[in-house]
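Listed here are the chains, written in short residue letters.
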Amino acid sequence: MSKKPKLLAKPGKIGTMELRNRLVIPAMCTNYTYQGHLTDQAVYYYGLRAQGGAGLIIIEASAIDYPIARSVLNCAVSEDKYILTLKKLTNEIHKHGTKVALQIMHSGRQTSAEVCGSQPVSCSGTGSAQVLYDQPRALTLFECKNAIRQFGDGALRTQKAGFDAVEVHYAHGYLGSAFLSPTLNTRTDEYGGMEGGIKFCGEVIEEIKNRCGQDYPVLVRINGDDYHPSGGVTHIDARMISVALEKAGVDCINISSGLRESDHNLHDQSMASPRGSWVYLAEGVKKAVKIPVMVAKRISEDMVEDILEKGQTDFVCIGRPNITDPEYGNKLLAGKAEAILPCIWCAQGCFDVLWMLAPTTCLVNPAAGRMDERSIDKLEKAPKSKKVLVVGGGPSGCEAALVAAKRGHAVSLYDKKERLGGAYRLVARSQIKSEVERLFTYFERALPKAGVQVHLNTEVTPKMIETLKPDVALIAVGADPKRPAKMSGIKGPNVVSAEEVMSGQAEVGNRVAIWTCSYHCRYTCGAKIEPIAGDPTNANSHNSYACAAGYGATDTAEHLASQGKLVSIVTERETAVPGMGYTSRNYLFKRFYRENVRVCGNVKVKKITEEGIILEKAGITFLLDADTIIVSVGASPRRDLAKALRGKVPEIYKLGDCDKIGNAMAAIASAYDVAMKI
């Protein structure tokens, strides 16, 4: 058992707001909204996490001018009609002794006409390089004054809805952040430049204090550093901005960082960035102000107490891990960190899905956001205990075994390898994806503790299953990498699979060509566009998911590039892994640039030779020389075992890739759903 964190458990104070501990769940958008109202789904989701032990929950960004100010399917605080549903939320959270703040914001340039219903606005016409956003227009001086009033109106509604505090969003390129940036703010009037931006942001705080009372706690979330290639706010500027906001009446500074344009590794929102990336920024601000400071960004359980002990911050924000495990706070504060269902910071279920304008979920916790979500330790027991046999110890097999056992079934899990994890665990060998190891380390502890009989190094046969006589057989044996049989040279000694490389079975030369996202792969990464019910701007969700072959190709590319190898990726589609979520893909390609991994799309693979791979593009055939060719163009489900068991086991279910080719998130979700039905 880990130690109980003493400093995290200490009560804290922000202005007049007293908190039972120093653990904060920061604002994270969920898309659990309808026409600006937080839904019952949101109330249940946040209520469950209030029970989880945090001292403060900051509710996701609420638009002060709806829908113009939204960037995703934000909730709204722009009219009195929203107070009633917001009040329902605060009542639920307060039942559990947790304090709650509402983050209010204007997205400014960080949106699109499809989402906000008109041309985006900002302090000036400086746009974003990201394809998600449209070119903004500059606010007039009158509109700037009106936005200040709207922040005040929104804060007053926040107070009326029962929130203990309000947080103003001045980070990530949103309206306040853009005003503060010397790069983005090119105005020439009283709100121009950094000095004018500080004036604008300060007047917002003064307006809120005048409307809500000087004793109503106001937090601000600012960038500790824009990490902007052209400059922007630096960590030095952040100290000056914090002092100015403290003078304006702010009660707490919440440090965030980065703009969409940033390609700095400390801004990467995936597991590729270092843990605690922004703590140094909070430490600097804390030395400059007298009010409390808090910080987020990939802070793991073993870091929390050390950060507080060193005085680097007053409160610690733990975001995504609270999506993964709603009991996160209770477990951590009780000294049971090893029992926490671990976030692996993959960004697939939260960030990626968010920008698809779909309800967020979690790769590790597929129940996140569902109305029947419960902590893994509090699942509803099955009506009847059954003898359940799980074949395969990959992500779907481990998930199904754990959920079934927690529901009271007698579960045995068999895997032919010496360790759990299947092909997915192999990616943890890459420095970029090392966090994946946390998931299977957890399963290795949790499965035996839940009563699962784990049998490794055991090949399961139909005859063996007949002898064991299970009531239920859950088949999770995965898929075989596909090698197009008709491709000339496909059986050459220089051709290997991504799995062979990551497992260390294959030797790899210094020049590597990776063939992926081929039309030999039946899995389509194309976005499925669906209308969002009742949306005021008629926005559509854009659901898409990359398959394991695409992820395997890119993970292998980064792993080899880190070893100094020259890696090239070729694909017959327009680009590699087109279905990967926006956040993951955006940071992936920024890392590719730094790692010198190059991608060539719209090419036809003609044949493979001893010298490399023959390609055709724009009607021209040419050689891409390579010592090693890695083929990752899809997979074929292993269905033989399930077929052989038909009629011999009362209930048979196929899980993950052996049922339908997908990825780890899809595999775990399918396993959870089946295990909850048994």
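Before reading on, note that the structure itself is shown above.
A short tour of the structure in this document, coming up. (Residues numbered from 1 in each chain as written. Predicted model: local features only at pLDDT ≥ 70, side-chain atom pairs only at ≥ 80, totals over all residues. Heavy atoms only, no water.)

1. Some words on the pattern of salt bridges
In plain terms, the rule: Every case where a carboxyl oxygen of Asp or Glu lies within 4 Å of a side-chain nitrogen of Lys or Arg is listed as a salt bridge.
Counted under the stated rule, the structure contains 40 salt bridges. What emerges from the salt-bridge pattern is a single network uniting Arg275, Arg298, Glu301, Asp302, Glu435 and Arg438.

2. Focus on the packing of helix α14 (residues 395–406) against helix α22 (residues 664–677)
Here is the rule we go by: Angular values range over 0 to 180 degrees, each being the angle between N-to-C directions of two axes fitted as lines to C-alpha atoms, with helices fitted over their stretch in contact. Numbered from the N terminus, helices here are DSSP runs of H or I no shorter than four residues, and strands are runs of E no shorter than two. Reported orientations rely on four angle classes, namely roughly parallel under 35 degrees, roughly antiparallel over 145, roughly perpendicular from 65 to 115, and oblique for the rest. In this scheme, a crossing is called left-handed if the near helix is turned counterclockwise away from the far one by less than a right angle; it is called right-handed if the turn is clockwise. In this description, contact between two residues means that some pair of their heavy atoms is separated by no more than 4.5 Å. Side-chain classes are defined by residue name, with Ala, Val, Leu, Ile, Met, Phe, Trp, Tyr, Cys and Pro counting as nonpolar, Asp, Glu, Lys and Arg as charged, and the others, Gly among them, as polar.
Closest axis-to-axis distance for the α14/α22 pair is 8 Å, and the angle between their directions is 25 degrees. In terms of orientation, α14 lies roughly parallel with respect to α22. Crossing of α14 against α22: the hand is right-handed. Taking contact as the criterion, the partners of Pro395, Ser396, Glu399, Ala400, Val403 and Ala404 in α14 are, on α22, Ala667, Ile668, Ala671, Tyr672, Ala675 and Met676. For the contact of α14 with α22, a count of residues per class yields ten nonpolar, one polar and one charged.

3. Notes on helix α3 (residues 83–94)
Quick note on the threshold: Expected helix span is taken as 1.5 Å per residue step, with the number of steps being one fewer than the number of residues. Only protein chains enter the accessibility calculation, which uses a 1.4 Å probe; a residue whose area is less than 20% of its type maximum is buried, one above 50% is exposed, and one in between is partly exposed.
Here α3 contains twelve residues, and its C-alpha end-to-end distance of 16 Å stays within 8% of the 16 Å for a straight helix at 1.5 Å per residue. Those residues of α3 lying buried are Ile83, Leu86, Leu89, Thr90, Glu92 and Ile93. On the buried face of α3, the contacting elements are β5 (37–38), α2 (40–50), β6 (56–63), β7 (75–76), β8 (99–105) and α5 (141–160).

4. Details of the sheet that holds strand β19 (residues 472–475)
The line we're drawing: Being paired, for any two strands, means DSSP has found at least two bridges between them.
With respect to topology, five strands assemble into an open sheet ordered β18-β17-β16-β19-β32, the strand pairing being parallel. Edge strands, defined here as strands with exactly one partner in the open sheet, are β18 (453–455) and β32 (651–654). Ignoring strand direction, the axes of neighbouring strands in this sheet form an average angle of 15 degrees.

5. Considerations on the environment of Leu332
Structurally, Leu332 is set in helix α12 (residues 328–333). Leu332 sits 30 residues away from Asp302 along the chain, and the two C-alpha atoms are 9.6 Å apart. Excluding residues within four positions of it along the chain, Leu332 makes contact with Pro5, Leu8, Glu301, Val304, Ala337 and Ile340.

6. Side note on the nonpolar core
Rules: Residues enter a nonpolar core if they are buried and are Ala, Val, Leu, Ile, Met, Phe, Trp, Tyr or Cys, with the set joined through side-chain atoms within 4.5 Å.
In terms of nonpolar packing, the biggest core is built from 157 residues, with Ile59, Ile104, Val168, Tyr170 and Phe200 touching the most fellow members. Within the second largest apolar cluster, 24 residues are counted, among which are Val512, Tyr551, Ala561 and Met580.

7. Quick notes on the sheet that holds strand β27 (residues 604–608)
Two strands in a sheet stick together by hydrogen bonds in their backbones, pointing the same way (parallel) or opposite ways (antiparallel). Taken together, the three strands give an open sheet; going across it, the order is β27-β28-β29, and neighbouring strands pair in antiparallel fashion. Two strands close off the open sheet at either side, each with one partner strand: β27 and β29 (620–625). Averaged over neighbouring strand pairs, the angle between their axes works out to 30 degrees when direction is ignored. By the bridge criterion, six bridges tie strand β28 (residues 612–617) to β29 in an arrangement that is antiparallel.

8. Remarks on α2
Where burial is concerned, most of α2 is hidden: eight out of the eleven residues are buried. Where α2 is concerned, the buried positions are Ala42, Val43, Tyr45, Tyr46, Gly47, Leu48, Arg49 and Ala50. Next to the buried residues of α2 lie β3 (23–25), β5, β6, α3 and α11 (320–324).

9. As for the pairing of β19
Along β19, one buried face is formed by Val472 and Leu474 and the opposite face, lined by Ala473 and Ile475, is buried too. Where strand β16 (residues 387–391) lies against β19, four bridges are found, and the strand directions are parallel. Directly across from Leu389, in β19, lies its bridge partner Ala473. Of the strand pairs in this sheet, β19 and β32 are connected by four bridges, and their pairing is parallel. Bridging from a neighbouring strand, Ala473 pairs with Ile652 of β32.

10. Some thoughts on the environment of His542
With respect to the element layout, His542 can be found in strand β24 (residues 540–543). For the pair His542 and Ser375, spaced 167 residues apart in sequence, the C-alpha to C-alpha distance is 29 Å. The residues touching His542, leaving out its near neighbours within four places in the chain, are Glu114, Met356, Ala527, Lys528 and Ile529.

11. Observations regarding the side chain of Ser107
For the record, the criterion: The term polar contact refers here to a pair of N or O atoms within 3.5 Å; inside protein, the definition further demands a hydrogen-donor-capable atom paired with an acceptor-capable atom, and it admits residues adjacent in sequence only when both atoms are side-chain atoms.
By secondary structure assignment, the location of Ser107 is in the loop between β8 and α4 (113–116). For Ser107, a relative accessible area of 0% puts it in the buried group. Side-chain polar atoms of Ser107 contact the backbone oxygen of Arg70, separated by 3.2 Å. Excluding its chain neighbours within four sequence positions, the residues that come into contact with Ser107 are Ile68, Ala69, Arg70, Ser71, Gly173, Tyr174 and Leu175.

12. Quick notes on the pairing of strand β30 (residues 628–632)
Each regular strand carries side chains that alternate between the two faces of the sheet. Of all five residues making up β30, five are buried, and the element is well covered by its neighbours. Neither face of β30 is exposed, since Thr628, Ile630 and Ser632 on one face and Ile629 and Val631 on the opposite face are all buried. Two elements, strand β21 (residues 495–497) and β30, share three bridges in a ladder whose sense is parallel. Counted as the bridge partner of Ser497 is Val631 from β30. Bridge count for strand β22 (residues 511–516) against β30 is five bridges, and the pairing is parallel. Counted as the bridge partner of Val512 is Thr628 from β30.

None of this, on its own, says anything about what the molecule does.
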